[in-house]
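Structure assessment
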Amino acid sequence: MARRERERSLPPATGRAARTRLDQPMVPRRSPLPEYDPEAFGRLSERIARFLGTGRFIVWMTFTIVVWVVWNIVAPPDLRFDEYPFIFLTLALSLQASYAAPLILLAQNRQDDRDRVNLEQDRKRGERSMADTEYLTREIAALRMGMGEVATRDWIRSELQDLLKELEQRGALEPPPDRER
């Protein structure tokens, strides 16, 4: 038995890989790809998409393009970095658009997910409200039915007056002097 324990603790004698044990978790492998937090990336994309959808972005973008074009037309020829067809400007705007579109779509997908969760919560809240309303309606109906069987003040008064009249008719009680028949 001790021999078996020693054999288990030793590495395999042959070039075979060690068998994995099912009762122990596997050691995670390192990925050659960079790791990132999807939530942090999603939040960043939402912030960028929110900024791209503002008037401030439009103003800054317009200002940048106007300065770019004016500089490359008015500046001395040796200081111009993008001549008339403005190919570099076109490339920069294309690059900005190629990144902006997926970021906006990612932000919209995240918003759709939030809307879906909110809709589900609203639906469940509505179902609970409906169930509570139905329960309260049944309780009110039961109270009304029960109130039909409860003696009210007017009913007790009329019953007492009927008993008083019956006792007076039997002669067991004299009518009060201020009361007329």
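Position numbers for residues start from 1 in each chain and track the written sequence from start to end. In keeping with the model being predicted, local features are shown solely for residues with a pLDDT of at least 70 and side-chain atom pairs are shown and tallied solely at 80 or more, while totals for entire chains, interfaces and linings include all residues. Hydrogen atoms and water are omitted, and side-chain values are computed over all heavy atoms in the structure.

The next subject is a nonpolar patch on the surface. A residue counts toward a patch only above 30% relative accessible area and without a salt bridge, and it is joined to like-charged neighbours within 9 Å or, for Val, Leu, Ile, Met, Phe, Trp and Tyr, to nonpolar neighbours within 5 Å. Areas reported as accessible are Shrake-Rupley estimates using a 1.4 Å probe. Residue values count occlusion only from the protein chains shown. One side-chain nitrogen of Lys or Arg within 4 Å of one carboxyl oxygen of Asp or Glu is enough to make a salt bridge. A cluster of nonpolar side chains, namely Trp71, Leu79, Phe81, Phe88 and Leu91, defines an oily patch on the protein surface of about 530 Å² accessible area. With respect to the helices and strands, the residue Leu79 is situated in the loop between α3 (55-74) and α4 (87-149). The class of Leu79 is partly exposed, set by a relative accessible area of 47%. Numbering goes from the N terminus for both helices and strands, where a helix is a DSSP run of H or I of at least four residues and a strand is a run of E of at least two. A simple rule labels every residue: compare its accessible area, found with a 1.4 Å probe on the protein chains alone, to the largest value its type can have, and call it buried under 20%, exposed over 50%, or partly exposed in between.

Attention now goes to the UniProt feature "transmembrane region" (unreviewed entry) in the chain. Taking the UniProt record as the reference, the feature "transmembrane region" (unreviewed entry) is found at residues 57-74 and 86-106. Between the C-alpha atoms that bound residues 57-74 the distance is 25 Å, and the span itself is 100% helix and 0% strand. Summarising residues 86-106: 95% helix, 0% strand, and an end-to-end C-alpha distance of 31 Å. UniProt positions are given in the numbering used here, feature names are shortened, and annotations may be inferred rather than shown by experiment.

The next point concerns the pattern of salt bridges. Considering all chains together, one arrives at eleven salt bridges under this definition. As a salt-bridge pair, Arg50 and Glu46 come within 3.9 Å of each other at their nearest N and O atoms. One end of the pair, Arg50, and the other, Glu46, are both in helix α2 (residues 38-52), four residues apart, so they sit about a helical turn from each other. The closest approach of N and O atoms between Asp154 and Arg157, which form a salt bridge, is 3.8 Å. With Asp154 and Arg157 both in helix α5 (residues 153-170) and three residues apart, the pair spans about one turn of that helix. On the accessibility criterion, Asp154 (54% relative accessible area) is exposed. Exposure remark for Arg157: the relative accessible area of 47% places this residue in the partly exposed category.

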